Amino acid sequence: MKKEKNTGIKLKDFNKEIPFKVPEDYFNRFPTKLAEAIRDHDHVPASVKFLSTWKPYAAAAILIVVAVLSGTFIANRNSSETDPGLYSEISDLVENELYSINEQTILEMSEMKEQNLVSDSIMSSDEVIHYLMNEDIENELMNEL
Amino acid sequence: MADKVIDYSDKELIKLFRIPDRKEEAFNLIVRKYQEKLYWHIRKILLDHNDTDDMLQNTFIKVWGALENFREDASLYTWLYRIATNEALTFLNSKKRRFLLPLVDVEKQLANTIENDPYFNGDELQLTLQKALLTLPEKQRIVFNMKYFDEMKYEEMAEILETSVGALKASYHHAVKKIENYITEH
């Protein structure tokens, strides 16, 4: 059956009743639920609330700073010791890997970790920092090439 | 319990709230007095029950924290509505940012929400009306809801939304025209 167009309908013709409903007993239960929420909210110290909000951003900032410093360190250290062409290739490789870690990725990883979606077998931040500061990273990468 | 709520005026509830021993009792009375009104106000903006429940809780949590220092330059009712409106709008905006959705897509999502919502019990015409409302800018939709469904006076709305009566009348008038055109076309 073809749907008829609602020609010339005015708002005054409408039923003003709100066409939504709530779960049964919702308003009776709401004050109790709210009281619990407020208790939970009040028991979290302000410093913890602050830290939990900013933890992922702090972790992301630390990793980015470490990545930049490591990249700079490796580039400066190796400038006189290696074949410039090979150095350039390694430098590009390291740079691409390090700078591909963006804040959004780290935030997502942090959230996934909190949801236990990421296993503990992924390197801890200490291991990452150690890896990046590894003086032999250049040799290891050369061997891989 | 309902009678007990109605016995207290807003001024009395605020006074009671400021007595340390009676703070929780006063707050409970405020919640029972305003929960439904605020719920439906938020629900008409967000449409989804669970989102509304969350924002209603947020609203009252804010009230709990701020009522002690409430200056009473507006009525309690106005102040509560203002907080609830801001919570709902903040939620909509954060939804847009979180999913990188432009305004139009958020409204499309909300339209889908109504269609699939087990808590929507309107007829075909009411569904069309709700979809028409979603074509309005958020603030205009709020103005329409407050005037059409809540039958608020413009002066009350002006206090809550901190906008002039003239601007509200113009906004509502245009909203009505847009909605009637939408319904005619659909």
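Since the model is a prediction, treat every value here as computed from it, not as a measurement.

Attention shifts here to the overall build of chain B. Each helix and strand counted, chain B has 10 helices and zero strands in total. Out of the 186 residues belonging to chain B, those deemed buried represent 32%. Taking as baseline every contact in chain B between residues at least 6 positions apart, the subset at least 24 positions apart corresponds to 61%.

Let's shift gears to the confidence of the model for chain A. Taken residue by residue, chain A gives an average pLDDT of 66. The fraction at 70 or more is 38%. Mean pLDDT across the elements of chain A bottoms out in helix 6 (residues 137-144) of chain A (54) and peaks in helix 1 (residues 26-43) of chain A (90).

A few words on the interface of chain A and chain B. In this assembly, 22 residues from chain A lie in contact with 28 residues from chain B. Of the residues contributing to the side of chain A that touches chain B, the split by class is 13 nonpolar, five polar and four charged.

Looking now at the packing of helix 8 (residues 138-149) of chain B against helix 10 (residues 165-185) of chain B. All names here are of chain B. The geometry of helix 8 relative to helix 10 is characterised by a closest axis approach of 9 Å and an angle of 90° between their N-to-C directions. By the angle class used here, helix 8 and helix 10 are roughly perpendicular. Two secondary-structure elements touch here, helix 8 through Gln140, Val143, Phe144 and Lys147 and helix 10 through Leu168, Ser171, Tyr172 and Ala175. Here the residues of the contact of helix 8 with helix 10 are counted per class, giving five nonpolar, two polar and one charged.

All names here are of chain B. At a minimum axis distance of 9 Å, the contact between helix 7 (residues 124-133) and helix 10 shows a crossing angle of 130°. With respect to each other, helix 7 and helix 10 are oriented oblique. For the pair helix 7 and helix 10, the crossing hand works out as right-handed. Facing helix 7, whose interface residues are Thr128, Leu129, Ala132 and Leu133, helix 10 presents Ile179, Tyr182 and Ile183. Taken together, the residues of the contact of helix 7 with helix 10 sort by class into six nonpolar, one polar and no charged.

In this model helix 4 (residues 49-66) of chain B runs 25 Å from its N-terminal to its C-terminal C-alpha over 18 residues, within 8% of the 26 Å that 1.5 Å per residue would give. Here helix 4 of chain B has its buried residues at His49, Thr52, Asp53, Met55, Leu56, Asn58, Thr59, Phe60, Val63 and Trp64 of chain B.

All names here are of chain B. As for its position among the elements, isoleucine 183 is in helix 10. The class for isoleucine 183 is buried, based on 22 C-beta atoms found within 10 Å. Distance from isoleucine 183 to leucine 125, taken between C-alpha atoms, is 8.5 Å for residues 58 residues apart in sequence.

So, on to the confidence of the model for chain B. All names here are of chain B. Of all residues in chain B, 92% have pLDDT values of 70 or greater, and the mean over the chain is 89. Mean pLDDT across the secondary structure elements of chain B bottoms out at helix 1 (residues 2-7), with 55, and peaks at helix 4, with 96. The ipTM assigned to the predicted complex is 0.85, against a pTM of 0.65.

Right, let's get into the nonpolar core. Residues and elements named next belong to chain B. Core analysis: the biggest nonpolar cluster contains 45 residues, and Leu38, Ile42, Leu80, Leu133 and Val143 have the highest contact counts within it. In terms of residues, this core owes the most to one element, helix 3 (residues 23-46), which gives 10 residues. Here this core spans two domains, and each of domain 1 (1-100) and domain 2 (122-186) adds at least three residues to it. Among all residues touching leucine 80, those that are not within four sequence positions of it are Tyr34, Leu38 and Val63.

Basis of the calculations
- Residues numbered from 1 in each chain as written.
- Chains lettered and ligands numbered in written order.
- Predicted model: local features only at pLDDT ≥ 70, side-chain atom pairs only at ≥ 80, totals over all residues.
- Helix = DSSP H or I, 4+ residues; strand = E, 2+ residues; numbered from the N terminus.
- Buried ≥ 20, exposed ≤ 12 C-beta atoms within 10 Å, placed from the backbone.
- Contact = placed C-beta atoms within 7 Å.
- pLDDT = per-residue confidence, 0-100.
- Nonpolar A, V, L, I, M, F, W, Y, C, P; charged D, E, K, R; others polar.
- Axes fitted to C-alpha atoms, helices over the stretch in contact; angles between N-to-C directions.
- Parallel < 35°, antiparallel > 145°, perpendicular 65-115°, else oblique.
- Left-handed = near helix turned anticlockwise from the far one by under 90°.
- Expected span 1.5 Å × (residues − 1).
- Core = buried A, V, L, I, M, F, W, Y, C linked by C-beta atoms within 7 Å.
- Domains from an automatic or database assignment.

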